[in-house]
Amino acid sequence: MLSSVLFANILLLALSRVSPTAAIPAPAELAHHRQQTVDWQKYVRAPSSTTVSPVSIVSSYTAGSVTNPEGLLTPGGDPTILTRPVPASGATDVVPQIVVDFGQNIVGYLSINFAGASSDTTGLPGIRLAFSESIQYGYLTSVSDFSRSDNAYTWTDNYGCEYGSQVCVDGLHGFRYLRIYLDALSTDSPYTSPYGQVSIDSLTLNYTAFLGTPDTFTGWFQSSDEDLNQWYYDAVYTTDMVTATLDENSIDPRNADSPGMLNRLVLLDGAKRDRLPYSGDLAVSSRTSYLTRNVPEATRNVLTDLADHQRSDGWIPPASINGYTLPLLDYPLWWVRNSYDLLVYTGNTTYFDTSYQTMVNALDTFYPSITDSNTQLITKGVGVSGSYGDYAFLGRTGAVTYYNTLYVLALNNAASIAKFLGGHDDDAARWTARAQTVSDAINSRLFDSAAGAFFDGACGSSPCQTHAQDGNSLSIVSGVANAARAQSILSYMATNMSQPYGNAFYDNDVVGGGFSQRVYAFISYFELEARFLAGSAGTALEEIRRLYGWMAKNDPGITAWEGIGTDGLPYEQGFTSMSHGWSTGIVPALTNYVLGVIPTGPGFSTWSIKPMPGDVQWTQGQVPTPNGEISVSWDNSASFSLSISTPISSSGTVSVPVSSNSVPVYVNATQVWPATQPNSYSPQYTDGYVALQAPGGSITITVGSSG
Ligand SMILES: *[C@@H]1O[C@H](CO)[C@@H](O)[C@H](O)[C@H]1NC(C)=O
Ligand SMILES: *[C@@H]1O[C@H](CO)[C@@H](O)[C@H](O)[C@H]1NC(C)=O
Ligand SMILES: *[C@@H]1O[C@H](CO)[C@@H](O)[C@H](O)[C@H]1NC(C)=O
Ligand SMILES: *[C@@H]1O[C@H](CO)[C@@H](O)[C@H](O)[C@H]1NC(C)=O
């Protein structure tokens, strides 16, 4: 049992790990302990400055006449020399090349410091560059793994060509590997020649995305699990890679130029492509951003611009691509859900001065226009919806579970927004009632009792014999599925969708070839949420370990992939973005559920703190709020103990896990449960947790013993 002196010490160290069974340490030892445990900075992946050098030469790719390839890695010293003589007739002509490795995916503009070049009658020797995020793509054909001009885009980078339409670059994109070779396109003649000699002193990269050094973190996470810790910071880095100012030279060239977003900070989808913000992607990447970075405008700029381009029938474009016309059915609903997040994470109500009406138009004009009046379900085929796609561009038909469960989530989020802002009681009541109607219809019409999971959609007039991860996960996240159905769905997905690299987004290939092998970390985030919300932290962590473990141990490592395909390879080969913000759900999953902090009111004015340990022994972390940070530290290695520090102006519900409803719970060493007499915490036992109503400030809660 700990003395009250120790409590004082522990509470001074709000961020240190609380260990109720340890012997009472002297204050100096406590300080030492804190230093040992709060060292998350070591996991941070950001370069230390915007000037980045490559870390190594991939020697197996060095070819032709190359002298001193390592010379490229450091300025000064002997240069690297590539030589390619004009071949004598019949002699072999080997293109000299070097592949450099920046050690991790990176994005920015490259500078090459040349030390000299030959000049002969054929012209100046050409240096060509090919960029690639992973080593297996981009080298067979000597061009980048993805290039805008290879994808039939009309490319107008101002930095593009040095001479008219000759000697061109192909625009900024993320990469890890760079192939440098002495060669020239015949179409670049007479400006460059494939022959001669070039000396290079060094290479550096001017990093152009958010430079996420440790001092820039407004929130952080650390636990007893080294892998979870590293993957959390890997995912933060992935979102940093797509946090950038939208500039004319690097934007997706498919008619996506948007004055409302240009030159503003935004969250792009990927660092390599498409380099364009999408409202669906923000459903995950904005949470990662809010939880770790003080750049709410990166989300707000996107949501505001998309709202400014709302169609007269209430539909909200998913992105500026194709002049704001890309027809997606789900993204306007993600826009509503993202507006809810903007309010609860950042507390910004001014945003709703104009965006509130955008939300009304989407929910009260557009979605009713594609609702089947017999079933009350959004139905692909009604109104304009027939040709509309979604995050995976799926040609689904009929009453699709995913669209309808997401609709329920968006309606309930909108009702919460209406209540938080005040003065919109009619809207809140209408949306809540409609959410219930749609929820009832989903349950009565779309459930496959034989499988124990929701059908995906219709094939003709009957249900397709296939089940999708998106709708089933969202049925739990949105509260459509009751507890029994939730358990059945989670078990179905574990059995029928599991892959060594995550859970697939379909259980079979009825809708598309290879779908039962394809894993999207994006939509998997909602399955992770579903598992935590259903009280299954163990299976959520197990899925996290397969999914994020796979991406961490396969090239390029560190950054989270857009999609994983058959055999765990990038799902669209070299085209796949290997640094995609929508795949960073491990950050909100660990913060919201394992650490346990969720906003329940605008700007965290109210919150829920409910740790879900699974097999994690201890966790500590910080969550930024507009009124100061929330700090949480819990330890489950012996009995459970939790220290929290929250803004004084806030309040919330704090829940601690108990093995039964008779286990005592103490606040600051005073027993509050089982309540011998009524107390201000109004404790309640539900499903293995004792929930307390807590004011802002610092408290320590211990389970089983007073400390
Ligand atoms: C790096 O790029 C930024 C624009 O992203 C520019 O402002 C800066 O001057 C560049 N720095 C160097 C050293 O080229
Ligand atoms: C809230 O959002 C609006 C734009 O909708 C912006 O002008 C304003 O600066 C934001 N307020 C804060 C406190 O960030
Ligand atoms: C789900 O997996 C089980 C076990 O492999 C299999 O028996 C069942 O047919 C699958 N369900 C469907 C609907 O494919
Ligand atoms: C609990 O202890 C902390 C630290 O000593 C103190 O700041 C806080 O006011 C206490 N709260 C209650 C409700 O006793």
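This structure is a prediction, so every number in the text was calculated from the model and none was measured.

(A) Highlighting the overall build of the protein chain. Along its length, the protein chain carries 15 helices and 29 strands. Against the globule reference of 27 Å for 707 residues, the protein chain gives a C-alpha radius of gyration of 27 Å, in line with a compact fold. Put simply, the protein chain has 707 residues, and 60% of those count as buried. Of the contacts made within the protein chain by residues no fewer than 6 positions apart, 67% connect residues no fewer than 24 positions apart. Carbon and sulfur atoms form 50% of the exposed surface of the protein chain, whose accessible area is close to 25,400 Å². Averaging the coordinates of the 32 positive side-chain charges in the protein chain and doing the same for the 60 negative ones gives two points 4 Å apart.

(B) The domain arrangement of the protein chain, seen in detail. Domain annotation of the protein chain identifies domain 1 (4-207), domain 2 (218-241 + 273-592) and domain 3 (596-703). On a C-alpha basis, the centroid separation for the pair domain 2 and domain 3 is 28 Å. Facing the 24 residues of domain 2 at the interface are 23 residues of domain 3. Its largest share of buried area at the contact with domain 3, domain 2 owes to Trp220, Ser224 and Asn592, together 25% of the area lost on that side. Between Asp615 and Arg545 there is a salt bridge, and its shortest N-O distance comes to 3.0 Å. Linking domain 2 with domain 3 are 12 residue pairs in polar contact (both at pLDDT 80 or more), by the criterion used here.

(C) Region of the structure containing the UniProt feature "domain: Alpha-L-rhamnosidase C-terminal" (unreviewed entry) in the protein chain. Mapped onto the present numbering, the UniProt feature "domain: Alpha-L-rhamnosidase C-terminal" (unreviewed entry) falls at residues 596-662. Along residues 596-662 the backbone is 0% helical and 54% strand, and the end-to-end C-alpha distance reaches 23 Å.

(D) Spotlight on the UniProt feature "domain: Alpha-L-rhamnosidase six-hairpin glycosidase" (unreviewed entry) in the protein chain. When the UniProt feature table is mapped to this numbering, "domain: Alpha-L-rhamnosidase six-hairpin glycosidase" (unreviewed entry) covers residues 268-498. As a span, residues 268-498 carries 55% helix and 4% strand, and end to end its C-alpha atoms are 29 Å apart.

(E) Local environment of helix α15 (residues 586-595). The buried fraction of α15 is high, at 10 of 10 residues. Along α15, the residues classified as buried are Ile586, Val587, Pro588, Ala589, Leu590, Thr591, Asn592, Tyr593, Val594 and Leu595. Phi turns positive, to about 105°, at Gly596, one or two residues after α15.

(F) Expanded view of the packing of helix α5 (residues 296-308) against helix α7 (residues 331-346). At a closest axis distance of 11 Å, the pairing of α5 and α7 adopts a crossing angle of 145°. In the packing of α5 onto α7, the handedness of the crossing is left-handed. Side by side, α5 and α7 meet where Pro296, Arg300, Leu303, Leu306 and Ala307 of the first sit next to Trp335, Asn338, Ser339, Leu342 and Thr346 of the second.

(G) Spatial organisation of the pattern of salt bridges. Going through the model one piece at a time under the given rule, you end up with 29 salt bridges. The partner of Asp364 in a salt bridge is Arg434, and the shortest N-O contact between them spans 2.7 Å. Here Asp364, found in helix α8 (residues 352-369), pairs with Arg434, found in helix α10 (residues 425-445); they are 70 residues apart in sequence, far enough to count as distant. Owing to a relative accessible area of 23%, Asp364 belongs among the partly exposed residues under this scheme. The residue Arg396 makes a salt bridge to Asp390 at a minimum N-O spacing of 3.2 Å. For Arg396, a relative accessible area of 3% puts it in the buried group. Overall, Asp390 belongs to the buried group, its relative accessible area being 0%. Each of the salt bridges in this network shares a partner with another, and the network as a whole consists of Asp252, Arg254, Arg273, Asp274 and Glu562.

(H) View of the state of the cysteines. The full count for this structure, using the stated rule, is 2 disulfides. In this model, Cys161 is linked to Cys168 through a disulfide, with the two sulfur atoms separated by 1.9 Å. Judged by the torsion about the S-S bond (100°), the Cys161/Cys168 disulfide is right-handed. A residue is classified by how much of its surface remains accessible, and Cys161, at 34% relative accessible area, is partly exposed. Cys459 shares a disulfide with Cys464; S-S distance 1.8 Å. Residues Cys459 and Cys464 are joined through a disulfide that is right-handed, its torsion about the S-S bond being 80°. Taking only the cysteines that form disulfides and numbering them from first to last, the protein chain has the pattern 1-2, 3-4.

(I) Examining unusual backbone geometry more closely. Of note, the amide linkage connecting Ser189 to Pro190 takes the cis form, showing an omega dihedral of 5°. Position of Pro190 among the secondary structure elements: in the loop between β10 (175-182) and β11 (196-207). Of the consecutive residues Arg273 and Asp274, the connecting peptide bond is found in the cis state with omega at 5°. Mapped onto the elements of the fold, Asp274 is located in the loop between β14 (265-267) and α4 (282-292).

(J) View of the pairing of strand β22 (residues 606-609). Strand direction decides the pairing type here: strand β21 (residues 597-599) and β22, joined by 3 bridges, are antiparallel. Each residue of the ladder has a partner; that of Ile598, found in β22, is Ser608. The hairpin turn running from β21 into β22, its antiparallel successor, is 6 residues long, and Gly603 in that turn takes a positive phi close to 55°. Pairing analysis gives 4 bridges linking β22 to strand β25 (residues 641-657), with the strands arranged parallel. Its bridge partner lying in β25, Ile609 is registered against Val654.

(K) Expanded view of empty space enclosed by the protein. Counting across every chain of the model gives 3 cavities of 30 Å³ or more. Its volume calculated, the largest cavity comes out at about 60 Å³.

(L) Fine view of the sheet that holds strand β2 (residues 56-57). Taken in spatial order, the 4 strands line up as β2-β5-β10-β7 in an open sheet, and their pairing is antiparallel. With one partner strand each, in any of the chains shown, β2 and β7 (127-132) form the two edges of the open sheet.

(M) Here's a closer look at the site of ligand 2. If you check the shell around ligand 2, you find Arg300, Asn348 and Tyr351 and nothing else. Within the contact set of ligand 2, an oxygen atom lies 3.1 Å away from a side-chain nitrogen or oxygen of Arg300. Burial of ligand 2 by the surrounding chains reaches 42%, relative to a free accessible area of 360 Å².

Definitions and cut-offs
- Residues numbered from 1 in each chain as written.
- Chains lettered and ligands numbered in written order.
- Predicted model: local features only at pLDDT ≥ 70, side-chain atom pairs only at ≥ 80, totals over all residues.
- Heavy atoms only, no water.
- Helix = DSSP H or I, 4+ residues; strand = E, 2+ residues; numbered from the N terminus.
- Rg over C-alpha atoms; globule rule 2.2 N^0.38 Å.
- Buried < 20%, exposed > 50% of the residue type's maximum accessible area, 1.4 Å probe, protein only.
- Contact = heavy atoms within 4.5 Å.
- Areas by Shrake-Rupley, 256 points an atom, 1.4 Å probe, with all protein chains shown as cover.
- Lys, Arg positive; Asp, Glu negative; His and termini not counted.
- Charge placed at Lys NZ, Arg CZ, Asp CG, Glu CD.
- Domains from an automatic or database assignment.
- Buried area = accessible area lost by both parts, 1.4 Å probe.
- Salt bridge = Lys/Arg side-chain N within 4 Å of Asp/Glu carboxyl O.
- Polar contact = N/O pair within 3.5 Å; in protein donor to acceptor, adjacent residues only side chain to side chain.
- UniProt positions renumbered as here; feature names shortened; annotations may be inferred.
- Axes fitted to C-alpha atoms, helices over the stretch in contact; angles between N-to-C directions.
- Left-handed = near helix turned anticlockwise from the far one by under 90°.
- Disulfide = S-S within 2.5 Å.
- Pairing = 2+ DSSP bridges.
- 1 Å grid on protein atoms, 1.4 Å probe; cavity = no way out; pocket = protein on both sides within 12 Å on 5 of 7 lines; lining within 4 Å.
- Points joined across faces, edges and corners; volume = space filled by probe spheres on them.
- Near = heavy atom within 4 Å.

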